[in-house]
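What follows is the residue order along each chain.
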Amino acid sequence: MQGVVYWQPPESAMDKIEKIIREPIVSKYGSDDGLPELREALLEKLSRENKLTKSSVMVTAGANQAFVNLVLTLCDAGDSVVMFAPYYFNAYMSFQMTGVTDILVGGCDPKTLHPDVDWLEKVLKENEPIPKLVTVVNPGNPSGAFIPRPMLERISDLCKNAGAWLVVDNTYEYFMYDGMEHYCLEDAHIVNLFSFSKAYGMMGWRVGYIAFPNEADGFHDQLLKVQDNIPICASIIGQRLALYSLEAGPEWIKERVKDLVKNRALLVEALSPLGEDNVKGGEGAIYLWAKLPDSCSDDFEAVRWLANKHGVAVIPGSASGGPGYIRVSFGGLKEEDTRLAAERLRRGLQELVTDGMVQ
Ligand SMILES: Cc1ncc(COP(=O)(O)O)c(C=O)c1O
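Residues numbered from 1 in each chain as written. Predicted model: local features only at pLDDT ≥ 70, side-chain atom pairs only at ≥ 80, totals over all residues. Heavy atoms only, no water.

## With respect to the environment of Leu267
What counts, and what does not: Under the scheme used here, helices are H or I runs from DSSP no shorter than 4 residues and strands are E runs no shorter than 2 residues, and both carry numbers assigned from the N terminus.
With respect to the secondary-structure elements, Leu267 resides in helix α9 (residues 260-270). As a C-alpha pair, Leu267 and Arg339 span 72 residues in sequence and 8.1 Å in three-dimensional space.

This is the structure in structure tokens:
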């Protein structure tokens, strides 16, 4: 199923939205960069929570649009770029659709799902042309794996030395479990992306933002050009809701995220017919990443079969460069519904392992 959360935006923020819906300002264009009040609040949040103090901010219609903005700003058709499988499929498609077709896909450690940084070192030294941009999602979609700070620092240093940009998608910054803490890195070659979608249950309101280095010459001008040609500005009502939601703050989000560990446990158990070693990820974000039996060569077919015969929706790994795997989301349903979905998944996988895809 889609990567969503089951909760709605904060009630207090929704109440405020109801009151302003007819104000003329809501129906006009706003500043391309985002509402000044929201940008100010975001700069404060970036400094306080993410320790990003040398960044400027642009508000976008979600983190996906933010990523497209960056590809159009930083890359030209024919450039080479780097990502790691299993990758976030929309990032891959953003490259493809903008003519950046030389997409170098690195692997991950099969146990930890961490990116293969030795491979990256080699590619950044040897590939012609030198890749323009390296991107990671932390914690990851579709894996839910979390890249530890020393590893991301190494990736960052390699990018810096090679003259490549590092784009980090922090959509799941609040979705951390088991005592692990999210962090961001800041430098003149690093761009960080964020989203209101999952944190505040604001998927349909379409608000995200880019934190880009103050000191990068010409960066803002180019970014603004792209922004003015795609959304002009993120929807004003969405930006207002984002501003009011920030007042609820990280505690509001953490209150909801902490319960997702129960969903995760239910789904880990549901995936157990595949064998313990074949179920990975879930350190952060809202995903588990599981290997299908070797006998099951087509993950698309398995996903269709699970949906049609067992009434449960998962995502085929092939969509993320991981054939033979599935992505399972544990964010979209409340605990009782997750329990139901988990029962169906368990039954389906047990049948898959013992009898194959019997129709
Ligand atoms: C890694 C990642 N980035 C971006 C997005 C899209 O976020 P938004 O709704 O802010 O465009 C998603 C949604 O699933 C995601 O998983």
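Picking up after the structure, the text goes on.
## Some words on helix α2 (residues 36-50)
Applied cut-off: By this rule the span expected of a helix is its residue count minus one, scaled by 1.5 Å. The classification of residues rests on relative accessible area computed with a 1.4 Å probe and restricted to protein chains. Under 20% of the type maximum is buried, over 50% is exposed, and intermediate values are partly exposed. Arc, as used here, means the arc of the directions from the helix axis to the C-beta atoms. Contacts between residues were defined by any pair of non-hydrogen atoms, one from each residue, lying within 4.5 Å.
Its 15 residues place the ends of α2 20 Å apart at the C-alpha level, agreeing with the 21 Å of an ideal helix rising 1.5 Å per residue. Every buried residue belonging to α2 is among Leu38, Leu42, Lys45, Leu46 and Asn50, and all of these are buried. All buried residues of α2 lie within an arc of 100° about the axis, which places them on one face of the element. In α2, those exposed residues whose orientation departs by more than 90 degrees from the buried face are Pro36 and Glu40. Considering only its buried residues, α2 is in contact with β1 (55-60), β6 (190-195), β7 (208-213) and α8 (236-257). Taken from the residues just after α2, Lys51 is the one with a positive phi, measuring 60°.

## As for the site of the ligand
Condition: We call a residue near a given molecule or strand whenever any one of its heavy atoms falls within 4 Å of it. Nitrogen and oxygen atoms within 3.5 Å of one another constitute a polar contact, given that in protein one can donate a hydrogen and the other can accept it, and given that sequence-neighbouring residues count only through two side-chain atoms. Using a 1.4 Å probe, accessible areas were evaluated by the Shrake-Rupley method; residue-level cover was limited to the displayed protein chains. When residue character is reported, Ala, Val, Leu, Ile, Met, Phe, Trp, Tyr, Cys and Pro are called nonpolar, Asp, Glu, Lys and Arg charged, and the others, Gly included, polar.
Close to the ligand lie 13 residues, the nearest being Asp169, Tyr172, Ser195, Ser197 and Lys198. Here an oxygen atom of the ligand sits 2.6 Å away from a polar atom, N or O, in the side chain of Ser197. A distance of 2.6 Å separates an oxygen atom of the ligand from a polar side-chain atom of Lys198. Out of a free accessible area of 400 Å², the ligand has 93% covered by protein chains. Considered class by class, the residues forming the shell around the ligand number 4 nonpolar, 6 polar and 3 charged.

## Looking at the packing of helix α5 (residues 117-126) against helix α6 (residues 149-162)
When two helices pack together, their arrangement is given by the angle between the helix axes and by the axis-to-axis distance. As a reminder of what qualifies: Lines fitted to C-alpha atoms define the axes, with helix axes restricted to the stretch in contact, and inter-axis angles between N-to-C directions lie between 0 and 180 degrees. In what follows, roughly perpendicular refers to angles from 65 to 115 degrees, roughly parallel to angles under 35, roughly antiparallel to angles over 145, and oblique to any angle outside these ranges.
Packing of α5 against α6 brings their axes to within 10 Å, and their N-to-C directions diverge by 5°. Relative to α6, the element α5 is oriented roughly parallel. Between α5 and α6, the contacting residues are Val117, Asp118, Leu120, Glu121 and Leu124 on the first element and Met151, Arg154, Ile155, Leu158, Cys159 and Ala162 on the second. Its residues assigned to classes, the contact of α5 with α6 comprises 8 nonpolar, no polar and 3 charged.

## Remarks on the side chain of Glu173
With respect to the helices and strands, Glu173 occurs in the loop between β5 (165-169) and β6. Given the relative accessible area of 7%, Glu173 is considered buried. Among the polar contacts listed, one links the side chain of Glu173 to the side chain of Lys45, at a separation of 2.9 Å. Apart from residues lying up to four places away in sequence, Glu173 is in contact with Lys45, Asn50, Pro139, His182, Phe194 and Tyr209.

## Looking at the environment of Phe212
Along the chain, the position of Phe212 falls in strand β7. Spatially, the C-alpha atoms of Phe212 and His189 are 8.7 Å apart, while their sequence positions differ by 23 residues.

## Section: the domain arrangement of the protein chain
Put simply, the test is: Marked domain ranges trace back to an automatic or database domain assignment. Computed with a 1.4 Å rolling probe, the buried area is the accessible surface lost when two parts are put together, summed over both parts.
Considered domain by domain, the protein chain is made up of domain 1 (11-249) and domain 2 (251-349). Computed from C-alpha coordinates alone, the two centres of domain 1 and domain 2 are separated by 25 Å. Residue-level contacts link 28 residues of domain 1 with 23 residues of domain 2. Between domain 1 and domain 2, the buried area comes to about 2200 Å², and carbon and sulfur atoms account for 63% of it.

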